Amino acid sequence: MNSLWENLYDRFKDRRYGALFLIVALAFIGLLALGAILEASLGALGLQNYDSDVLTAAGALVFAWVAAVFWRRREGRYEHQKFPPLSSDEKRVARSKLVKGRSRETV
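Residues numbered from 1 in each chain as written. Predicted model: local features only at pLDDT ≥ 70, side-chain atom pairs only at ≥ 80, totals over all residues. Heavy atoms only, no water.

**Some points on the overall build of the protein chain**
Moving on, step 1. On a plain count of helices and strands, the protein chain comes out with four helices and zero strands.
Moving on, step 2. Beginning at the N terminus, the succession of helices and strands in the protein chain can be written as α-α-α-α.
Moving on, step 3. Counting every position in the protein chain, which comprises 107 residues, the buried fraction comes to 4%.
Moving on, step 4. Roughly 9,800 Å² of accessible area belongs to the protein chain as shown, and the carbon and sulfur atoms make up 66% of that amount. (Helix = DSSP H or I, 4+ residues; strand = E, 2+ residues; numbered from the N terminus. Buried < 20%, exposed > 50% of the residue type's maximum accessible area, 1.4 Å probe, protein only. Areas by Shrake-Rupley, 256 points an atom, 1.4 Å probe, with all protein chains shown as cover.)

What follows is the structure, encoded as structure tokens:
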């Protein structure tokens, strides 16, 4: 059975390392900004004592949301057929092989 992490990384392996770096860097900067905004808003409301609790809960909710999105995408991948549908040329070749096989059996 393939690991979720291996499948997640396979799409980026040997290509798009720049894009992967930028996505991770921007996500990190975005999380820092979100933490600063949340810290400032909790400070303005006088709830400094609950900073760690609120940040932990917010982090858990974000992690659960991201995990649910990836899980749905992963399940959707397996609903597709194992092989893609044949093109019209491939169908024509397969039909001709079947017809040739039938004509040999009747002789």
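**Quick notes on the pattern of salt bridges**
Moving on, step 1. Per the counting criterion, the structure on display carries one salt bridge.
Moving on, step 2. Arg 92 is the partner of Asp 89 in a salt bridge, and the nearest nitrogen-oxygen pair spans 2.4 Å. Within this pair, Asp 89 and its partner Arg 92 are both found in helix α4 (residues 88–106), separated by three residues, close to a single helical turn. (Salt bridge = Lys/Arg side-chain N within 4 Å of Asp/Glu carboxyl O.)

**Let's talk about a nonpolar patch on the surface**
Moving on, step 1. A contiguous nonpolar patch, built from Phe 21, Leu 22, Leu 26, Phe 28, Ile 29 and Leu 32 and spanning about 690 Å² of accessible area, is present on the exposed surface.
Moving on, step 2. With respect to the helices, strands and loops of the structure, Leu 32 is situated in helix α2 (residues 17–45). (Patch = residues over 30% accessible without salt bridge, like charges linked within 9 Å, V, L, I, M, F, W, Y side chains within 5 Å.)

**A word on the confidence of the model for the protein chain**
Moving on, step 1. Mean pLDDT for the protein chain: 77, with 70% of residues reaching 70 or above.
Moving on, step 2. Here helix α1 (residues 4–10) stands out as the element of the protein chain with the lowest mean pLDDT, 65, in contrast to α2, whose mean of 84 is the highest. (pLDDT = per-residue confidence, 0-100.)

**Some thoughts on α2**
Moving on, step 1. With 29 residues, α2 should cover 42 Å at 1.5 Å per step; its first-to-last C-alpha distance of 42 Å lies within 8% of that length.
Moving on, step 2. Phi turns positive one or two residues past the end of α2, at Gly 46, with a value near 80°. (Expected span 1.5 Å × (residues − 1).)

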